[in-house]
Amino acid sequence: MRVEGDRVLLWLVLFAHLCSGLAIDALSYDYTATLECLENPHKPQYGGGIILNPELNHGLKGWYAFGGAEIEKRSSGGNDFIVAHSRKQTNDSIAQKLYLQKDKLYTFSAWLQVSSGITSVSAVFKTNSGHEYGGAVAAESGCWSMLKGGLTVDSSGPVELYFESEDISVEIWVDSISLQPFTQEQWTSHQDQSIEKNRKRRVRLQATDGHGNPMVGAKISIKQKKPHFPFGSAISKHILNNPAYQKWFTSRFTVTVFENELKWYSTEPSPGKEDYSVPDAMLQFAKQNGLAVRGHNILWDNGNDQPYWVPSLSNSDLRAAVKRRIESVVRRYSGQFIGWDVVNENLHFSFFEGKLGAEATGAAFQMTRRLDRSTTLFMNEYDTIEKSGKGSASPDKYLQKLKEIQYFLKGDRNLGIGLEGHFRTPNIPYMRSAIDKLAASNFPIWITELDVDPTQMYYLDTVLLSGFQMELKSVFKLLCEFGEAIFLPMYLEQVLREAHAHPAIKGIVMWAAWKPEGCFRMCLTDNNFKNTPTGDVVDKLLQEWIRAGRPFAGTADANGVFETSLFHGDYEVTITHPTLMNSSLIHSFKVVASSTDYISPETGLLVNVSFRK
């Protein structure tokens, strides 16, 4: 029977997915972190996990003095905690013996306080082969600060957990310690749950005819036209006149950044002689192909990466040159980028603050904001999520610098956290915990320059094998090269999956711009634009995340209903049914993030598609 009525209705109802019935019976991951210094610590996450006596409710049971420290239990306001005092070395503290397994991922947290001032305190795991840092926190006197981190170990065996601080004059107070192991299957299930909740939504499509009757057995085909999650890579100027490069890139990505072409040394190679022709052309190419662009960068704080003529300027001339640079580049591109990297890597370097004073960074952000009122202004740093030690770009130090910048902007919240993500061997549990800590600031977080460094694969050849005969070294070098082909794709996939699944990450940009002479560290394609193994990883994940160009189909049930879970994006649905006057009907719709945990059919998005004869 053919439909005689005037129209066919397609009802589209979107739900936020409720995570249930997952295949892995996993302990849920706790993404929370606390930035405030509190009068009393929170309870330990996961009840302490495998830590014995995590709240010190049983005296010093399980704990002992490490190094030359003396330890004791103290109480304040009904809260018990452990104290390491009389410290003479940085690692004099408290300790507990544990047994860690190679195939587990460990998330760690603890609450710390020091007896005076503010100082960095790190959690360290002493293994048979060395030391693994679990994370660090800027501990204060008079209140409790949360350390959150994580680690894996190279081999199963006994370890000692202890704490260290370079300030040996302070006592270290510790409470609410937690170390929770997860299997790889459980860790993956956390990613899957987070993706279902934060990157996807349940979609319920109901097809009915003009009389409200369900179109039983209707064939429903859904195709994503555009993903909403920004995922891309850097590009070089070589894309401008290379159709093969253009086709390869635009068929995969929705966001980009110029590798070097917008940097000061590229646009003003000689004083007063500006040339924006290349970044102008690159921006035009991006716009023509629907690519969002990050503005990288206005200033770079590394003294070695200035235009050749800048380091020799007097301080007054430098101040004037910086002002001209900011005014020139920001006025030219105001409102055309999705973010500005204002003073690149200014936790590792201090070229401008060293010459112009401690307020130089804040002043640069302030001037940029005056010239571009709407674009998000980013800090951009490396080793914040890549390394778990007490480095200059730890999450705490990052947030402290961001707080100083916000002060200059009079509380402006349109700031962003740029995490470069130049990994060697990834510490995935620490990466997740560090992002947790940064996410507690409620600023948007982007992975801005993600790659994996292949030089680590030659460590055996260049260091460990330096005393071996040449023949043996050559054999090991071949093994290292084989490892590069195996481990680099594996590490890249681990990092990309973790970043994409984390609810706080708003976009990912890889640092893999193609050039004929080779890429910075990691190439996704060869010079014939055939994928490298890392490029294959990207394509594999793109097929999972967006299904671009690959429609998938289903059949409506007895109520004319078809349900599925879709990534946020723009979609086209095609309905075919014997009763349709035409062979099929097509409609476009969007799947967007929900602001609530659940949207009922009554309050969800309802789309009517009408077809008349």
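Residues numbered from 1 in each chain as written. Predicted model: local features only at pLDDT ≥ 70, side-chain atom pairs only at ≥ 80, totals over all residues. Heavy atoms only, no water.

S.K.: Quick question: what am I supposed to make of the overall build of the protein chain here?
M.R.: Regarding its fold elements, the protein chain presents 12 helices and 26 strands. Here the protein chain, with 613 residues, has 54% of them falling under the buried criterion. Look at the contacts in the protein chain between residues 6 or more apart in sequence, and 78% of them connect residues 24 or more apart. Carbon and sulfur atoms form 50% of the exposed surface of the protein chain, whose accessible area is close to 26,700 Å². (Helix = DSSP H or I, 4+ residues; strand = E, 2+ residues; numbered from the N terminus. Buried < 20%, exposed > 50% of the residue type's maximum accessible area, 1.4 Å probe, protein only. Contact = heavy atoms within 4.5 Å. Areas by Shrake-Rupley, 256 points an atom, 1.4 Å probe, with all protein chains shown as cover.)

S.K.: Sorry if this is basic, but what is going on with the sheet that holds strand β3 (residues 70-76) here?
M.R.: Either a parallel or an antiparallel arrangement is found when strands of a sheet pair, and the pairing is made through backbone hydrogen bonds. Read across the open sheet, the five strands follow the order β3-β4-β11-β6-β9; overall the sheet is antiparallel. Among the strands making up the open sheet, the edge pair consists of β3 and β9 (145-151). Here the strands of the sheet are splayed against their neighbours by 35 degrees on average, with no regard to which way each runs. Sitting on the sheet, helix α1 (residues 184-198) is in contact with β6 (104-114) and β11 (172-183), with an inclination near 95 degrees to β11. In this fold helix α9 (residues 428-439) packs onto β6 and β9, with an angle of close to 155 degrees to the strand it touches most, β9. (Pairing = 2+ DSSP bridges. Axes fitted to C-alpha atoms, helices over the stretch in contact; angles between N-to-C directions.)

S.K.: Help me understand the pairing of β9 in this model?
M.R.: Judged by how many residues are buried, β9 sits mostly within the fold: seven of seven residues are covered. A two-sided burial pattern is seen for β9, the buried positions comprising S145, L147, G149 and L151 on one face and M146, K148 and G150 on the other. As paired strands, β6 and β9 are joined by seven bridges and run antiparallel to one another. Directly across from Y106, in β9, lies its bridge partner L151.

S.K.: Can you walk me through helix α12 (residues 533-545) in this structure?
M.R.: Given 3.6 residues to a turn, an α-helix orients residues that are three or four positions apart in the same direction. In this model α12 runs 19 Å from its N-terminal to its C-terminal C-alpha over 13 residues, within 8% of the 18 Å that 1.5 Å per residue would give. Buried within α12 are the following residues: T534, G535, V537, V538, D539, L541, L542 and W545. (Expected span 1.5 Å × (residues − 1).)

S.K.: Help me out: how do you make sense of the pattern of salt bridges in this one?
M.R.: A side chain of one charge can pair with a side chain of the opposite charge when the charged atoms of the two come close. One pass over the structure, following the stated rule, counts 27 salt bridges. Note that R202 is salt-bridged to E563, the shortest N-O span being 3.8 Å. Of the two residues, R202 is situated in strand β12 (residues 200-209) and E563 in strand β24 (residues 561-567); the sequence distance between them amounts to 361 residues. Relative accessible area serves as the criterion here: at 23%, R202 is assigned to the partly exposed category. (Salt bridge = Lys/Arg side-chain N within 4 Å of Asp/Glu carboxyl O.)

S.K.: Looking at this structure, how should I read the sheet that holds strand β23 (residues 552-555)?
M.R.: The strand order across the open sheet formed by four strands is β23-β13-β25-β26, and the pairing between neighbours is antiparallel. Looking along the sheet, the strands with just one partner apiece sit at the ends: β23 and β26 (585-591). When strand polarity is set aside, the average angle formed by the axes of neighbouring strands in this sheet is 25 degrees. Across eight bridges, the pairing between strand β13 (residues 219-227) and strand β25 (residues 569-576) is antiparallel. Bridge pairing links Q224 to Y571 in β25.

S.K.: For this particular structure, what's the right way to read the packing of aromatic side chains?
M.R.: How two aromatic rings sit relative to each other is set out by the distance from centre to centre and by the angle between their planes. As enumerated under the stated definition, the model contains 27 aromatic pairs in all. Centroid distance Y29 to W187: 5.7 Å. Interplanar angle 70 degrees. Geometry classified as edge-to-face. Taken together, the residues span a long stretch of sequence, with Y29 in the loop between β1 (8-15) and β2 (64-66) and W187 in helix α1 at a distance of 158 residues. W187 carries the same exposure label as Y29, and that label is buried. (Phe/Tyr/Trp six-rings, centres within 6.5 Å; stacked < 30°, edge-to-face > 60°.)

S.K.: Explain the pairing of strand β17 (residues 339-344) here, please?
M.R.: The two faces of the sheet receive side chains in turn, since in a regular strand these alternate between them. A large share of β17 lies buried, amounting to six of its six residues. Where strand β16 (residues 292-300) lies against β17, five bridges are found, and the strand directions are parallel. Among the inter-strand pairings, L299 is bridged to a residue of β17, identified as V343. Bridge count between β17 and strand β18 (residues 376-381): three bridges; the pairing is parallel. Residue pairing across strands places G339 opposite T376, the latter belonging to β18.

S.K.: I'm lost on unusual backbone geometry in this one. Help?
M.R.: Most peptide bonds take the trans form, and the phi angle of most residues other than glycine is negative. A cis amide bond links H296 with the next residue in sequence, N297, at an omega value of -15 degrees. Positive phi is not limited to glycine here, since D383 has a value of about 70 degrees. Inspection of the secondary structure puts D383 in the loop between β18 and α8 (395-408). One non-glycine residue, K410, adopts positive backbone phi at about 55 degrees. With respect to the element layout, K410 can be found in the loop between α8 and β19 (415-419). Residue classification places K410 among the exposed residues on the basis of a relative accessible area of 75%.

S.K.: Would you take a moment to explain the environment of A110 for this structure?
M.R.: Inspection of the secondary structure puts A110 in strand β6. Given the relative accessible area of 0%, A110 is considered buried. Residues A110 and S145, spaced 35 residues apart in sequence, show a C-alpha to C-alpha distance of 8.3 Å. For A110, the residues in contact, after removing those within four places along its chain, are S145, M146, L147, F163, V174, D175, S176 and I177.

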